[in-house]
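# Summary of structural features
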Amino acid sequence: MVTTDGQWYPPEWPDRIRRLARGELAPVTPRRAATVLLLRDGEDGGVAVHMLRRRASMAFAGGAFAYPGGSVDPRDERDVPWAGPSPEEWAGRLGVEPAVAQAIVCATVRETFEEAGVLLAGPAPGTVVADTTGPGWEADRAALVSHELSFGDFLERRGLLLRSDLLGAWARWITPEFETRRYDTWFFVAALPEGQRTCDDSTEADLAVWTAPAEAAAGYDRGELLMMPPTIATLRSLLPFGKVADVLAAAGEQDLTPVLARVELAGEEIVLSWPGHEEFTKNLPFRLPGPPHIPATPGADA
């Protein structure tokens, strides 16, 4: 892995970009995925966001800071107990068919529980689970992660409804066409439910923190924190907001047009850009330099 100003650039990118430009590389079909910016009001004002550092051993974006999330899988395609906007309503917002919208929302809530221990569900509409700690909850999390338990069965056994109204759609990014692992990812925002707290034992992360967006973005700008373009872009998008309620209120106005990288070959350089996000435009040599030293933590807890 190599980095430029904190961005994540795998060393195989230049060769794959050249092959794609020459028509020698067929793009991989992206898998649908979902991730959530889990938020709480900071003790000293402002918004705090929950972030995870992916284990260095991870095949995709190892060592980078990200949010809880993951791929949509067949477990998310079955009907689940539901409260809040219907799959049909979500389909209109997300720009997909109702069945796909249901799977995306289900994956978002499931992954948030699996990776952060936070459950956006309650026994009735308008309610939410107040505490997800204890051996029983941890056993269920482990069974979900191992695919021994479906999310629908989990909710039904506990008498819970998925609360789709606790989510706000925020952005959509698609992994570049030259990548070997590609994801069509919907980013959501959600408030940490009252009484719940995040867990720090995700199987895919070696560090979990609550941080002020401005602090984490400053760490990225200094080259100290590794983030992929979608992560730092969505992180910066939180900067204007002083309260979680303000973020949630703004979710309905966010543009969900997919962001997909563009590539041009210019002499001995690769020009890589993300439309609408000029800060990520880079002129990269065909051979990229080695990575800088990345400190272990992103700073103090917000």
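We now examine the pairing of strand β14 (residues 262–266). Direction of pairing for β14 relative to strand β15 (residues 269–274): antiparallel, over a ladder of five bridges. Of the residues in β15, the one forming a bridge with Leu265 is Ile270. Counting the residues that bridge the hairpin from β14 to β15 gives two residues, and of these Gly267 lies at a positive phi of roughly 65°.

With that settled, consider the sheet that holds strand β8 (residues 121–122). Consider a sheet: its strands pair through backbone hydrogen bonds, and that pairing is either parallel or antiparallel. Taken in spatial order, the three strands line up as β7-β9-β8 in an open sheet, and their pairing is mixed. Bordering the open sheet on either side are β7 (82–83) and β8, each of which pairs with just one other strand. Pairing of β7 with strand β9 (residues 161–163) involves two bridges; the strand directions are parallel. From the neighbouring strand, Trp82 faces β9, where its bridge partner is Leu162.

As a further point, take the layout of surface pockets. Considered as a void within the structure, the second largest pocket measures approximately 250 Å³ in volume. The wall of the second largest pocket is formed by 17 residues, among which Ala171, Trp173, Asp255, Val259 and His277 lie closest to the centre. For the lining of the second largest pocket, the residue count by class is seven nonpolar, six polar and four charged.

Moving on, we get to the side chain of Asp76. Note on placement: Asp76 falls in the loop between β6 (69–71) and β7. Among the polar contacts made by the side chain of Asp76, one reaches the side chain of Arg110 at a distance of 2.8 Å. Residue contacts for Asp76: discarding those within four places in its chain leaves Ser71, Gln102, Ala103, Cys106, Ala107 and Arg110.

Considering all chains together, one arrives at nine aromatic pairs under this definition. Measuring from ring centre to ring centre gives 6.5 Å for Tyr67 and Phe187, while their planes differ by 90°; the resulting arrangement is edge-to-face. In this pair, Tyr67 sits in the loop between β5 (65–66) and β6 while Phe187 sits in strand β11 (residues 183–191), placing the two residues 120 residues apart along the sequence. Among the residues examined, Tyr67 registers a relative accessible area of 5% and is labelled buried. When the ring of Phe113 is compared with that of Trp137, the centres are 6.2 Å apart and the planes differ by 80°; the resulting orientation is edge-to-face. With Phe113 in helix α3 (residues 98–116) and Trp137 in helix α4 (residues 135–145), the pair connects residues that are 24 residues apart, well separated along the chain. In this structure Trp137 comes out as buried when scored by relative accessible area, which is 13%. Here a set of aromatic residues connected by ring pairs shows up, and it is made of Phe113, Trp137, Phe151 and Phe154. In this structure, Arg158 is placed above the aromatic ring of Trp137, and the distance from its NZ or CZ to the ring centre is 3.6 Å.

On inspection of all chains with the given rule, the structure shows 16 salt bridges. With a shortest N-O distance of 2.6 Å, Asp221 and Arg236 are connected by a salt bridge. Pair noted here: Asp221 is in helix α6 (residues 213–221) and Arg236 is in helix α7 (residues 229–237), with a separation of 15 residues, a long-range link. Residue classification places Arg236 among the partly exposed residues on the basis of a relative accessible area of 21%.

Further remarks concern the confidence of the model for the protein. Low pLDDT means the predicted coordinates in that region are not meant to be read closely. Put simply, the protein has an average pLDDT of 87, and 86% of its residues get 70 or more. Contacts from residues 288–302, a stretch scored under 50 in pLDDT, to residues over four places away or in other chains number 34 contacts.

With nine bridges joining them, strand β3 (residues 31–41) and β11 adopt parallel strand pairing. Of the residues in β11, the one forming a bridge with Leu39 is Ala191. Alignment of β3 against β6, held across three bridges, turns out to be antiparallel. Note on β6: the bridge partner recorded for Thr35 is Gly69. Sheet topology note: the β3/strand β4 (residues 47–54) ladder contains three bridges and is antiparallel. Residue Asp41 lies in a different strand from β4, and its bridge partner there is Val47.

Rules used throughout
Residues numbered from 1 in each chain as written. Predicted model: local features only at pLDDT ≥ 70, side-chain atom pairs only at ≥ 80, totals over all residues. Heavy atoms only, no water. Pairing = 2+ DSSP bridges. Helix = DSSP H or I, 4+ residues; strand = E, 2+ residues; numbered from the N terminus. 1 Å grid on protein atoms, 1.4 Å probe; cavity = no way out; pocket = protein on both sides within 12 Å on 5 of 7 lines; lining within 4 Å. Points joined across faces, edges and corners; volume = space filled by probe spheres on them. Nonpolar A, V, L, I, M, F, W, Y, C, P; charged D, E, K, R; others polar. Polar contact = N/O pair within 3.5 Å; in protein donor to acceptor, adjacent residues only side chain to side chain. Contact = heavy atoms within 4.5 Å. Phe/Tyr/Trp six-rings, centres within 6.5 Å; stacked < 30°, edge-to-face > 60°. Buried < 20%, exposed > 50% of the residue type's maximum accessible area, 1.4 Å probe, protein only. Lys NZ or Arg CZ within 6 Å of the ring centre and 35° of its normal. Salt bridge = Lys/Arg side-chain N within 4 Å of Asp/Glu carboxyl O. pLDDT = per-residue confidence, 0-100.

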